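Listed here are the chains, written in short residue letters.
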Amino acid sequence: MVAKVKELEIKRDAGVAAASGRSMLVEDWLTYWADNIAAIRVRERTLDTYRALIRMHVVPYIGKRRLDQLQPEDLEQTYKALLAKGLSPASVLRVHRMLHRALKIAMQRERVARNVATLVEPPRQERAKTPEPLDVAECKRVLAAAEGQRNAARWTVALALGLRQSEALGLQWKDIDLDGARLSVRRGLHRVPGQGLVFTEPKTDRSRRTIAVPAPLIEALRRHRVAQAAERLVTGTDWEDWDIVFAQPNGRPLDKHSDYEAWVKLLQRAGVRHIRLHDGRHTAATLLLTAGVHPRVVMELLGHSQMRTTTDIYSHVMPALAQEAADRMATTLWT
């Protein structure tokens, strides 16, 4: 009996023995984990993503496997199958990270002896696409094309402040101090299945921030507010008061898709090459950096949680900044 116990302990320490406790299927554990553990730790949108990944990309492959019999090879074969059916490496990596979190909790609760996800190499992620910001001349053409259009200030906010799309669409008038030329980012606007468009808290503390607004943009926002007030009078009792800065003609928030379509049409009207809407954010950051604004200040304006995020994304700008610093030092010491 003693020898048997020692043998089980050796296997347990080697990470190959089944953990104590009632066995579950992988599908059952992931469902429990999502509904009872992840649900109280992550945002609703993230939870919806987890549930979709479980339903579409995990359950069809390993859902009926016993949790305590799950092997690294099961995950590797699942990832291979997902890639074969057309999922991107980035999407498969999201599946891997979710499984890693769920299996970590399972191991802590002794439902499995080891987290097999730690033994699996996820697909190599493709190198992030270099941002394609607009240059100054292109920005001016876009802003000129927006003049006179409905919600024209929406695009000035995008190019001058670099707000995320969800942040810009979630702006309320109470967030803007027109007299003090300040704008506060306090929420985002997202579509949640079963709930429609809802306001959500910023993802990190850094995302919650107050930004100094250029004087021309303040004037643009004043004009926008007057135009919106006129729309409200025309709409009458059909107006829905969300206090939204960039709203539909009835006062309701704009949907991300219609916002993006308006961006595409604006670029076409301006005769400017197509770029992603998110690259409008990159445009603001690039213009600030090339104007000599310190990366730390840009980090705060963009709401990045770490300086490294800013410097990594805008590494293409850094060589020019380094050369400018060298030129300034040459002027300081040798002239």
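Residues numbered from 1 in each chain as written. Predicted model: local features only at pLDDT ≥ 70, side-chain atom pairs only at ≥ 80, totals over all residues. Heavy atoms only, no water.

Peer 1: When you look at the layout of surface pockets in this model, what are you seeing that I'm missing?
Peer 2: Empty pockets left among the atoms are what a rolling probe the size of a water molecule brings to light. Approximately 680 Å³ is the volume attributed to the second largest pocket. Every element with two or more residues in the lining of the second largest pocket is listed here: α6 (136-146), α7 (153-161), α9 (215-235) and α11 (278-290). Among the elements that take part in the lining of the second largest pocket, α9 stands out by supplying nine residues, more than any other. For the lining of the second largest pocket, the residue count by class is 16 nonpolar, six polar and six charged. (1 Å grid on protein atoms, 1.4 Å probe; cavity = no way out; pocket = protein on both sides within 12 Å on 5 of 7 lines; lining within 4 Å. Points joined across faces, edges and corners; volume = space filled by probe spheres on them. Helix = DSSP H or I, 4+ residues; strand = E, 2+ residues; numbered from the N terminus. Nonpolar A, V, L, I, M, F, W, Y, C, P; charged D, E, K, R; others polar.)

Peer 1: Just checking my understanding: could you explain unusual backbone geometry for this structure?
Peer 2: A negative phi angle characterises most non-glycine residues, just as the trans form characterises most peptide bonds. Even without glycine at this site, N151 takes up a positive phi of about 60°. Along the chain, the position of N151 falls in the loop between α6 and α7.

Peer 1: I'm lost on the sheet that holds strand β5 (residues 209-212) in this one. Help?
Peer 2: The strands that make up a sheet are held in pairs by hydrogen bonds between backbone atoms, and each pair lies either parallel or antiparallel. Here we have three strands laid out as an open sheet, ordered β1-β2-β5, and antiparallel in their pairing. At either end of the open sheet lies a strand with only one pairing partner, and these are β1 (176-177) and β5. Sheet analysis places strand β2 (residues 182-185) next to β5, joined by four bridges and oriented antiparallel. Paired with L183 across the strands is I211, a residue of β5. (Pairing = 2+ DSSP bridges.)

Peer 1: What is the right way to read the pattern of salt bridges from this model?
Peer 2: Proximity of charged atoms lets side chains of opposite charge pair with each other. Taken as a whole, this structure holds 19 salt bridges when the rule is applied. Measuring nitrogen to oxygen at the nearest pair gives 2.9 Å for the salt bridge that ties R276 to D279. Each of the salt bridges in this network shares a partner with another, and the network as a whole consists of R164, E167 and R209. (Salt bridge = Lys/Arg side-chain N within 4 Å of Asp/Glu carboxyl O.)

Peer 1: What am I meant to see in the confidence of the model for the protein chain here?
Peer 2: Atomic detail in the predicted coordinates should be set aside for any region of low pLDDT. Residue-level pLDDT values for the protein chain average 86, and 83% of them are 70 or greater. In this model, residues 14-21 is a region of pLDDT below 50 whose contacts with residues beyond four sequence positions or in other chains number 14 contacts. (pLDDT = per-residue confidence, 0-100. Contact = heavy atoms within 4.5 Å.)

Peer 1: What is the right way to look at the pairing of β2 in this model?
Peer 2: For a regular strand, side chains alternate in direction, first toward one face of the sheet and then toward the other. Bridge count for β1 against β2 is two bridges, and the pairing is antiparallel. Looking at the pairing, I176 lines up with L183 of β2. Where β1 folds back onto β2 in an antiparallel hairpin, the turn is made up of four residues, including A181, whose phi is positive at roughly 55°.

Peer 1: Looking at this structure, how should I read the nonpolar core?
Peer 2: Side chains that are nonpolar tend, in soluble globular proteins, to be buried together. By size, the foremost hydrophobic cluster in this structure holds 32 residues, and its most contacted members are W29, L30, W33, V58, L75, M98 and L99. Sorting elements by how many residues they give to this core places helix α5 (residues 89-108) first, with eight residues. Residue contacts for L75: discarding those within four places in its chain leaves I62, L70, L99, V116, A117 and V120. Of all hydrophobic cores here, the second largest spans 24 residues; its members include A153, A168, L178 and I218. (Core = buried A, V, L, I, M, F, W, Y, C linked by side-chain atoms within 4.5 Å. Buried < 20%, exposed > 50% of the residue type's maximum accessible area, 1.4 Å probe, protein only.)

Peer 1: It is not clear to me how the packing of α7 against α11 should be interpreted in this structure. Could you clarify?
Peer 2: Think of two packed helices as two axes; the pair is described by the angle between the axes and how far apart they sit. α11 packs onto α7 with a crossing angle of 50° between their chain directions and a minimal axis gap of 6 Å. Regarding the angle of α7 to α11, the classification is oblique. Here α7 contributes A158, L159, A160 and L161 to the contact with α11, which in turn contributes G280, R281, T283 and A284. When its residues are assigned to classes, the contact of α7 with α11 shows five nonpolar, two polar and one charged. (Axes fitted to C-alpha atoms, helices over the stretch in contact; angles between N-to-C directions. Parallel < 35°, antiparallel > 145°, perpendicular 65-115°, else oblique.)

Peer 1: Please explain the packing of aromatic side chains as it appears in this structure.
Peer 2: Describing an aromatic ring pair means giving the distance of the ring centres and the angle of the ring planes. As enumerated under the stated definition, the model contains four aromatic pairs in all. Judged by centre distance (5.5 Å) and plane angle (40°), the ring pair of W155 and W263 falls under tilted. Of this pair, W155 sits in helix α7 while W263 sits in helix α10 (residues 256-270), and the two are 108 residues apart along the sequence. The class of W155 is buried, set by a relative accessible area of 6%. The exposure class assigned to W263 is buried, which follows from its relative accessible area of 0%. In this structure, R187 is placed above the aromatic ring of F199, and the distance from its NZ or CZ to the ring centre is 5.7 Å. (Phe/Tyr/Trp six-rings, centres within 6.5 Å; stacked < 30°, edge-to-face > 60°. Lys NZ or Arg CZ within 6 Å of the ring centre and 35° of its normal.)

Peer 1: Sorry if this is basic, but what is going on with the side chain of Q228 here?
Peer 2: Here Q228 is to be found in helix α9. A polar atom in the side chain of Q228 sits 2.9 Å from the backbone oxygen of V245. Look past the residues within four positions of Q228 in its chain and what remains in contact with it is W173, W239, I244, V245 and A247. (Polar contact = N/O pair within 3.5 Å; in protein donor to acceptor, adjacent residues only side chain to side chain.)

Peer 1: Honestly, helix α3 (residues 44-62) in this entry has me stumped. Any pointers?
Peer 2: Residues spaced three or four apart along an α-helix point in a common direction, a consequence of the helix completing one turn every 3.6 residues. Compared with an ideal rise of 1.5 Å per residue, which puts 19 residues at 27 Å, α3 spans 25 Å between its outermost C-alpha atoms and is within 8% of the ideal. For α3, the principal kink sits at I54 and spans about 35°. Turning to α3, its buried residues number three or more, namely L47, D48, Y50, A52, L53, I54, H57, V58 and I62. Looking at the packing, one finds that the buried side of α3 touches α2 (26-37), α4 (72-84), α5 and β3 (188-192). (Expected span 1.5 Å × (residues − 1). Bend = angle between axes of the 7 residues up to and from the residue.)

Peer 1: Got a minute to help me understand α11 in this structure?
Peer 2: When the terminal C-alpha atoms of α11 are compared, their 19 Å separation across 13 residues agrees well with the 18 Å that a helix rising 1.5 Å per residue should span. Of the positions making up α11, those classed as buried are D279, G280, R281, H282, T283, A284, A285, T286 and L289. G292 lies just past α11 and shows a positive phi near 95°.

Peer 1: When you look at the pairing of strand β4 (residues 196-200) in this model, what are you seeing that I'm missing?
Peer 2: In the sheet, β3 pairs with β4 via five bridges, with the strands oriented antiparallel. Within β4, the position partnered with R191 by the bridge is L197. Between β3 and β4, which pair antiparallel and follow one another directly, the connecting turn spans three residues, one of which, G194, has a positive phi of 85°.

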